[in-house]
Amino acid sequence: MNVRVPFLDLAAQQAEIADEVIPIWRDQLATAAFIGGAAVEAFEREYAEYIGVEHVVGVSNGTDALELAYRAVGVQPGDEIIMPANTFIATAEAASRVGAVPVFVDVDDRHLLIDPAAAEAAITPRTRVIVPVHLFGQTAPMELLAPIAARHGLEIVEDAAQSQGASGPAGRAGALGRIAATSFYPGKNLGAAGDAGAVMTNDAELAARVRNLAAHGSSDKYVHDRIGINARLDAVQATVLRAKLRRLTGWNGARAAAAARYGELLDGLGAVRTPVVRHGNVDVWHLYVIRVADRDDVADALRDAGVGCGIHYPTPVHLTEAYAALGGRRGQCPTAEAAADRILSLPMFPHLTRPQQDAVVGALHSAVGA
């Protein structure tokens, strides 16, 4: 009998925390304590301690978190924001929402993280921010990007949406620059039961600005200092996040063990290029991304065998229709473009079992003709 393997098993996570969160949810329903309050404040405090920053501001989702971070550091319409081409579109979308211009640069072939040399080459007098995206659970090369930003007087805004708990030579993702944004979308390493996000910083002034912007530009009821947005974290999601945060170290450890076993099972399979951890990084394996020829055929074969898989991401952002007006062209980011045709994400989640991994690798062997 074939073992069916989902790409992601969120139900197992929810089952693990259900007995803890459901009584709290009942109390929240009874008291109508939905916006802000003790649960949100406790989560912000606990996540700040976990990341190693002074301030966490819980917000509605990761895209809003990025927009708020861009606005907090003073991005203005017409400013340029440098970011890797292989990222989720939200990195660019948040820039567009504040009137900034995304500038897409290539990545390194080994880790598919933003290429510092490409980032520096893209700097112009209009550049305001560099965004290192901590992709797939890795940490971007902050120790190389920070000196570049300093030389040119630029801000760094970390996109830490895929890296809760990851660290690099300079420290933990989300605490490596002046400000960072993250997403707690359900599929993240630390995921809510709906949309949620956060902005992290050691700068009290920036934290206050983000909190103000996220509440309609208001720090006191009906007193509005600036035009903001409605981007507050609710107590229902904070309750889930608190319960999952207590398990995150163990869950990340389970992901790392699964990644190590994938490496062992796939060793010697020449048709498959497995991921490599960057020197000095502790990867939390948000995704396990391989590269194969004839990727779409391989993905279809896996799905036919009952194995879930994903592609992160099939089209580099500079080639999407959404950003056609910027004049992106094929050949602009050759490494990201080549990878987009070959990358394939295998099932990866904390409750992934050994028989499930055996089924994944067996199906992959068959799919690549090994």
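Let us look at the structure shown here.

This brings us to the packing of helix H3 (residues 62-72) against helix H4 (residues 90-97). Two numbers describe a pair of packed helices, the interaxial angle and the distance between the axes. As a packed pair, H3 and H4 sit with axes 8 Å apart at the nearest point and diverge in direction by 50°. In this view, H3 runs oblique relative to H4, as classed from their interaxial angle. Handedness of the H3/H4 crossing: right-handed. Side by side, H3 and H4 meet where Thr 63, Asp 64, Leu 66, Glu 67 and Tyr 70 of the first sit next to Ala 90, Thr 91, Glu 93, Ala 94, Ala 95 and Arg 97 of the second. Residue classes in the contact of H3 with H4 are distributed as five nonpolar, two polar and four charged.

With that settled, the discussion passes to the pattern of salt bridges. Applying the stated criterion across every chain yields a total of 20 salt bridges. A salt bridge links Arg 178 to Glu 155; its shortest N-O distance comes to 2.5 Å. Within this pair, whereas Arg 178 is found in the loop between strand E7 (171-172) and strand E8 (179-183), its partner Glu 155 is found in strand E5 (residues 155-159), the two being separated by 23 residues in sequence. Arg 178 gets classed as partly exposed once you look at its relative accessible area, which sits at 36%.

On the surface, Leu 29, Phe 34 and Ile 35 cluster together to form a nonpolar patch covering roughly 320 Å² of accessible area. Mapped onto the elements of the fold, Leu 29 is located in helix H1 (residues 10-31).

Reading the values: rules and limits
Residues numbered from 1 in each chain as written. Predicted model: local features only at pLDDT ≥ 70, side-chain atom pairs only at ≥ 80, totals over all residues. Heavy atoms only, no water. Axes fitted to C-alpha atoms, helices over the stretch in contact; angles between N-to-C directions. Helix = DSSP H or I, 4+ residues; strand = E, 2+ residues; numbered from the N terminus. Parallel < 35°, antiparallel > 145°, perpendicular 65-115°, else oblique. Left-handed = near helix turned anticlockwise from the far one by under 90°. Contact = heavy atoms within 4.5 Å. Nonpolar A, V, L, I, M, F, W, Y, C, P; charged D, E, K, R; others polar. Salt bridge = Lys/Arg side-chain N within 4 Å of Asp/Glu carboxyl O. Buried < 20%, exposed > 50% of the residue type's maximum accessible area, 1.4 Å probe, protein only. Patch = residues over 30% accessible without salt bridge, like charges linked within 9 Å, V, L, I, M, F, W, Y side chains within 5 Å. Areas by Shrake-Rupley, 256 points an atom, 1.4 Å probe, with all protein chains shown as cover.

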